[in-house]
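# Analysis of the macromolecular model
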Amino acid sequence: MKILAVCGSGLGSSFMLEMNVQQILSELGVTGVEVSHSDLSSATPDDADLFVAAKDIADGMHHLGEVIVIDSIIDMDGIKAKLQEVLQQKGIIS
């Protein structure tokens, strides 16, 4: 599985989001998931199975596929809750 953290223009906030997702996956004991980051204009549907982005750019991401919309890239509890829900739905965690 591949997860792509996406931000609006630069790569700073998406890189921070990528690191937060990696930390959460580690806490959940999830292995074998590749996490990377990109800006929105460079992201394509083939880049990942799951996209994670803040709500301020989520409206422009429908063409990518499955998107987890988070309220804040630094809200670890919020990111974890939404990521955990999707991983459970996909059978990656129980």
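How each quantity is defined
Each chain carries its own residue numbering, running from 1 in the direction its sequence is written. This being a predicted model, a pLDDT of at least 70 is required before a residue's local features are given, and a value of 80 or more before pairs of side-chain atoms are given or counted; all residues contribute to the totals for chains, interfaces and linings. The basis for every side-chain value is the complete set of heavy atoms in the structure, and neither hydrogens nor water enter the calculation. The helix count covers DSSP runs of H or I at least four residues long, the strand count covers runs of E at least two residues long, and both are numbered beginning at the N terminus. Relative accessibility decides the category of a residue: with a 1.4 Å probe and only protein chains considered, values under 20% of the type maximum give buried, values over 50% give exposed, and everything between is partly exposed. Any two residues whose heavy atoms approach within 4.5 Å are treated as being in contact. All accessible-area figures derive from a Shrake-Rupley calculation using a 1.4 Å probe, and residue coverage is judged against the displayed protein chains alone. In this count, Lys and Arg are taken as positive residues and Asp and Glu as negative ones, while His and the chain termini are left out. One atom stands in for each charge, and that atom is NZ of Lys, CZ of Arg, CG of Asp or CD of Glu. To get an axis, fit a line to the C-alpha atoms, keeping to the stretch in contact for a helix; angles then go from 0 to 180 degrees between the N-to-C directions. Note on angle classes: values under 35 degrees are labelled roughly parallel, values over 145 roughly antiparallel, values of 65 to 115 roughly perpendicular, and the remainder oblique. By definition, any crossing whose near helix is turned counterclockwise from its far helix by less than a right angle is left-handed, and any crossing with a clockwise turn is right-handed. Two strands make a pair as long as DSSP finds a minimum of two bridges between them. To form a nonpolar core, buried Ala, Val, Leu, Ile, Met, Phe, Trp, Tyr and Cys residues must be joined to one another through side-chain atoms within 4.5 Å.

Bringing the overall build of the protein chain into the picture now. Secondary structure summary: the protein chain contains 3 helices and 4 strands in total. The helix and strand sequence of the protein chain, counted from the amino end, reads β-α-β-β-α-β-α. Structurally, the protein chain occupies a C-alpha span of about 35 × 25 × 20 Å along its principal axes. Within the protein chain, buried positions represent 39% of all 94 residues. In the protein chain, the share of contacts with a sequence separation of at least 24, taken over all contacts with a separation of at least 6, comes to 58%. When the accessible area of the protein chain is evaluated, it comes to approximately 5,000 Å², of which 48% is carbon and sulfur surface. Separation between the mean location of the 5 positive side-chain charges and that of the 14 negative ones in the protein chain comes to 4 Å.

Quick look at the packing of helix α1 (residues 12–27) against helix α3 (residues 76–89) now. At a minimum axis separation of 10 Å, α1 and α3 run at an interaxial angle of 60°. In terms of orientation, α1 lies oblique with respect to α3. Once α1 is placed against α3, the crossing between them reads as right-handed. Judged by residue contacts, L17, N20, V21, Q23, I24, L25 and E27 of α1 engage M76, I79, K80, L83 and L87 from α3.

Burial runs high along strand β3 (residues 50–54): 5 of the 5 residues are buried. By the alternation rule, side chains of β3 split into L50, V52 and A54 and F51 and A53, which are all buried. Sheet analysis places strand β1 (residues 2–7) next to β3, joined by 4 bridges and oriented parallel. Across the sheet, residue L4 finds its bridge partner in β3, namely F51. Of the strand pairs in this sheet, β3 and strand β4 (residues 67–70) are connected by 4 bridges, and their pairing is parallel. For F51, the partnering residue across the bridge sits in β4 and is V67.

Core analysis: the largest hydrophobic core is formed by 20 residues, its most contacted members being I3, L17, V21, L25, I68, I70 and L83. Residue contacts for L25: discarding those within four places in its chain leaves I3, V30, V33, V35, L83 and L87. If you look at the next biggest cluster of nonpolar residues, it comprises 10 residues, including L4, V6, I57 and L64.

By themselves, these are just geometric observations and shouldn't be taken as functional.
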